[in-house]
Amino acid sequence: MIAFIFPGQGSQKRGMGQGLFDETPQYAEVEKDVDTILGYSLRKLCLEDADNRLKETQFTQPCLYVVNALYYYKAVSQGARPDYLAGHSLGEYNALLAAGVFDFLTGLRLAQKRGDLMSRAKNGGMAAVIGLGAGVVAEVIGENGLASIDIANFNSQSQTVVSGPVEDIRRAGPFFEKGGARIYMPLQVSAAFHSRYMADAAKAFADFLAPMSFAAPKIPVIANVTAQPYPTDNATESVKSLLAQQITHSVRWAQTVRFLIDKGVTQFTEMGPGIVLTRLVQQIQQQ
């Protein structure tokens, strides 16, 4: 059994998509539409990033969505077929695209809107806690007056990401280190993603989704919010609800991978630049 997995924000890098733009007929058909929707040349931004905008959320998300899709289209053209699909945060949009829930340009509009709304959130931060299980992370939060901090990503049994007000994220480091963390690493992000502090973005995104319709997944897609497959009944409402919730809820990546392993998946193929998810899967498999 094979799962295609799609990375999220943090995997972007200058030069991503090199060679794939010209190799992918699906992209050639819509490149003018892509640039019209975004108002800039996505190809040029991905390959050159002359103004260092690729790290900015409103640019990162649509660019990474497109490049992930290029990797997927290439794999399919070579005969690869997944049994399951999953994506980390933004990557979930690529999983839904691959499952036929929406078309390429609809997914691009969703990624653009999501990136724009999330980029407006300010004064938040995130940090990776390395070397502690999520249960211990929760204990450190509870025992040290860190109630303003949420768990954003359950990445693996030894990597958890926390979110919260930037000053609280900074002052929390010594508590996690005292609790046994090998590394406490603040991340280069502009907001407290996947936390209660993204509520305004989630509400605005739900309003944006409201008039849309979506198809049921043709291949099972594991949702970040539940670590379970997207329901196939009442697909439109399920997709709207889970995508809006995803903005404020934890990414249950470790639970997702364990679900897939339990379903018999033995091959995880990362569809995107880098190997961030591949490394996380290896950690989870070694558990």
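The text that follows walks through the structure, step by step, so that each part is easy to find. (Residues numbered from 1 in each chain as written. Predicted model: local features only at pLDDT ≥ 70, side-chain atom pairs only at ≥ 80, totals over all residues. Heavy atoms only, no water.)

1. A look at the sheet that holds strand E4 (residues 150-156)
- Reading across the sheet, the four strands line up as E4-E5-E3-E6 and stay open at both edges, with antiparallel pairing between neighbours. The strands lining the two open edges of the sheet, one partner per strand, are E4 and strand E6 (183-186). On average, adjacent strands in this sheet sit at an angle of 20 degrees to one another, irrespective of strand direction.
- Here E4 pairs with strand E5 (residues 159-165) via five bridges, running antiparallel. By the bridge assignment, Phe-154 is partnered in E5 with Thr-160.
- Where helix H13 (residues 276-285) meets the sheet, it contacts E4 and E5, and its direction lies at approximately 80 degrees from that of E4. (Pairing = 2+ DSSP bridges. Helix = DSSP H or I, 4+ residues; strand = E, 2+ residues; numbered from the N terminus. Axes fitted to C-alpha atoms, helices over the stretch in contact; angles between N-to-C directions. Contact = heavy atoms within 4.5 Å.)

2. Digging into the sheet that holds strand E8 (residues 267-270)
- Strand order across the open sheet formed by four strands is E7-E2-E1-E8, with parallel pairing between neighbours. Edge strands, defined here as strands with exactly one partner in the open sheet, are strand E7 (221-222) and E8.
- Bridging between strand E1 (residues 2-6) and strand E2 (residues 84-87) involves four bridges; their strand directions are parallel. Residue Phe-6 lies in a different strand from E2, and its bridge partner there is Gly-87.
- Strands E1, E2 and E7 of the sheet are contacted by helix H6 (residues 91-98), whose axis makes an angle of about 155 degrees with E2.

3. So, the pattern of salt bridges
- Per the counting criterion, the structure on display carries nine salt bridges.
- Close ionic contact of Lys-74 with Glu-23 constitutes a salt bridge, the shortest N to O distance being 3.7 Å. Of this pair, Lys-74 sits in helix H5 (residues 57-77) while Glu-23 is found in helix H1 (residues 20-23), placing the two residues 51 residues apart along the sequence.
- Judged by its relative accessible area of 33%, Lys-74 falls in the partly exposed class.
- A salt bridge links Asp-116 to Arg-120; the nearest nitrogen and oxygen atoms lie 2.5 Å apart.
- Judged by its relative accessible area of 27%, Asp-116 falls in the partly exposed class.
- On the basis of relative accessibility, which here comes to 52%, the residue Arg-120 falls in the exposed class.
- What you see here is one network of salt bridges that share partners, running through Asp-22, Glu-31 and Arg-43. (Salt bridge = Lys/Arg side-chain N within 4 Å of Asp/Glu carboxyl O. Buried < 20%, exposed > 50% of the residue type's maximum accessible area, 1.4 Å probe, protein only.)

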